[in-house]
Structure formats: structure tokens, C-alpha cells
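# Examining the three-dimensional arrangement
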Amino acid sequence: MLGPNGCGKSTLLRTLAGLQPALSGSFDYQSSIINHQSSKDIALVLTERLSMDNTTVHDVVAMGRYPYTSFLGGLTETDEAIIKDSLEKVGFSDPSVAQTFFNAHSDGEKQRILIAKALAQQTPIILLDEPTAHLDLPHRILILRLLRNLAHKQSKTVLISTHELDLALALSDRILLMTPERGIQLDTAANLKKANAFTSAFGMDIFDPLG
């Protein structure tokens, strides 16, 4: 999902996730209308900086397993394996990281931990608001490749709001382009480029920024 600042990208994600009421309408997933979103349906990663005192990385990622735990919230061996696998997928291969405190990590590392939490939630829909905002280039590519693989190999629906135009155009199957004037355009990057939709949306030729 691409578009200029203030066009409503974050608002749309929050509405789809059920964090705020829709102004109108509804949305459906695989022919089923979703009005009351469940934490087993949708995982959401936002851009807000979070502070969790005395909370370990393991406990943050474990929050993604709570929809599947018993009334007492106990974690099974399967839950623990999913938590470990989720951290490895976002680049934390050292198991000792799980026992470090969340607040001790950089903004980029926190972002990857929150993405791991979303992965541990194992939902068919994953919504992410600028998931690569605090990441260096290698980790931006790692995360976007990971999300693309989830969509292609596990048939998950992954919707990403981003300003990383180059990576989005290279790795996305379809682009949802939002503008205040034209609303939403949904198509492949090639078709949108051919229709000069990006130039209209951003008021400049983003493919020739020095022109």
C-alpha cells in the first residue's frame, strides 16, 4: 500500500484490524464477511514506539500465542517452538536474545521483535504499517522477502503500508495506491506505472527524481 502522507494508509490498516470503527462498509476474506475481527484472523504491526519495562523478548513474542493458550495462559512445547522459529525468521538466530529485555534493544530490533510476535500469531491475514521504517538495508530486504514468502508459500494475505517505493515495486504482487483525489487504485506495479498513476499520486516522476 503506497500513497502520499495523510492519504489514510494507517487509518485503513487500523480500521481493517478493528482498532477503530469503519466510517462505512465492510470487507470480506475468502467470501466471508469479517465484521468482528479475531486475534486468530488478523495480526497487526504498527509504527508506534512501544516501551515495555521488565518484559523479555520471549514474553513479547509469546503474546502472539495467547489466542491459542488455555485460560491460565500456559505455553506448550509447540508454542515455545513457534516463538523460537518466529524469532529466527526475523534474524535473531541466537537463542539467548529471547531472555533479554525488550527495552534494551534498538528501534530496528524492536520492530523485528514485533514482527516475530505477528508471525507467532499464525493468522491468515497480516497487516503491517511501515514495517521496515527503522531497519537497515539488509534487514529491510530480509523482512520483505520473508513476508513475500509467507504470501506465496503459505497463502497468507499480507498488506504492507510503506514508503519504500523501490522495494515495494520489486517485491509486491499488487500495489494498492491511495490518493485523496482518486481514492484507491489496485493493480500490478507495471500497469500502474504504465498509467502514470505514481506520477499523479506523488506529483512528480518518482522513477526519475533528478529529472
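Worth saying up front: this structure is predicted, and the values here are computed from it rather than measured.

Below, the discussion takes up the environment of Gly203. Mapped onto the elements, Gly203 comes out in the segment after α8 (197-202). Separated by 199 residues in the primary sequence, Gly203 and Pro4 place their C-alpha atoms 9.4 Å from one another.

This part takes up the sheet that holds strand β3 (residues 42-45). Two strands in a sheet stick together by hydrogen bonds in their backbones, pointing the same way (parallel) or opposite ways (antiparallel). Spatially, the three strands line up as an open sheet ordered β3-β4-β5, and their pairing is parallel. Both outer strands of the open sheet, β3 and β5 (157-161), are each paired with one neighbouring strand and no more. Ignoring which end each strand starts from, the neighbouring axes of this sheet average 10 degrees apart. Sitting on the sheet, helix α4 (residues 107-121) is in contact with β3 and β4 (125-129), with an inclination near 180 degrees to β3. Sheet strands touched by helix α5 (residues 137-153): β4 and β5. Its angle to β5, the strand with the most contacts, is close to 150 degrees.

Here the focus is the packing of aromatic side chains. Under the counting rule described, the total for this entry stands at zero aromatic pairs. The residue whose ring lies beneath Arg112 is Phe92, and the NZ or CZ to ring-centre distance is 4.1 Å.

Now for the pairing of β5. Pairing geometry for β4 and β5, over five bridges, is parallel. Counted as the bridge partner of Leu128 is Ile160 from β5. Crossover β4 to β5 through α5 is right-handed.

Pairing geometry for strand β6 (residues 175-179) and strand β7 (residues 183-187), over five bridges, is antiparallel. Bridging from a neighbouring strand, Met178 pairs with Ile184 of β7. Once β6 ends, the chain turns through three residues before running back antiparallel as β7.

Let's shift gears to α5. Spanning 17 residues, α5 covers 24 Å between terminal C-alpha atoms, matching the ideal 24 Å at 1.5 Å per step. Ser155, located one to two residues past α5, shows a positive phi value of around 55 degrees.

We now examine the side chain of Arg65. Within the element layout of this structure, Arg65 appears in the loop between α2 (57-62) and α3 (77-89). The exposure class of Arg65 is buried, given its relative accessible area of 5%. A polar atom in the side chain of Arg65 sits 3.4 Å from the side chain of Gln122. The contacts of Arg65, once residues within four sequence positions are left out, are Leu75, Asp79, Ile82, Ile83, Ala120, Gln121 and Gln122.

So, on to the nonpolar core. Taken as a class, soluble globular proteins show a tendency for nonpolar side chains to be buried jointly. Of all hydrophobic cores here, the largest spans 32 residues; its most connected members are Val61, Leu87 and Val90. At the level of elements, β3, α2, α3, α4, β4 and α5 are the ones that each hand at least two residues to this core. If one sorts the elements of this core by residue count, α4 sits on top with seven residues. Leu87 has contacts with Val57, Val61, Phe92, Ala98 and Ala116, leaving out every residue within four places of it along the chain. The next biggest cluster of nonpolar side chains, apart from the first, holds twelve residues, and it includes Met1, Cys7, Leu16 and Tyr29.

The rules behind each value
- Residues numbered from 1 in each chain as written.
- Predicted model: local features only at pLDDT ≥ 70, side-chain atom pairs only at ≥ 80, totals over all residues.
- Heavy atoms only, no water.
- Helix = DSSP H or I, 4+ residues; strand = E, 2+ residues; numbered from the N terminus.
- Pairing = 2+ DSSP bridges.
- Axes fitted to C-alpha atoms, helices over the stretch in contact; angles between N-to-C directions.
- Contact = heavy atoms within 4.5 Å.
- Phe/Tyr/Trp six-rings, centres within 6.5 Å; stacked < 30°, edge-to-face > 60°.
- Lys NZ or Arg CZ within 6 Å of the ring centre and 35° of its normal.
- Right-handed = clockwise from strand over helix to strand, strands pointing away.
- Expected span 1.5 Å × (residues − 1).
- Buried < 20%, exposed > 50% of the residue type's maximum accessible area, 1.4 Å probe, protein only.
- Polar contact = N/O pair within 3.5 Å; in protein donor to acceptor, adjacent residues only side chain to side chain.
- Core = buried A, V, L, I, M, F, W, Y, C linked by side-chain atoms within 4.5 Å.

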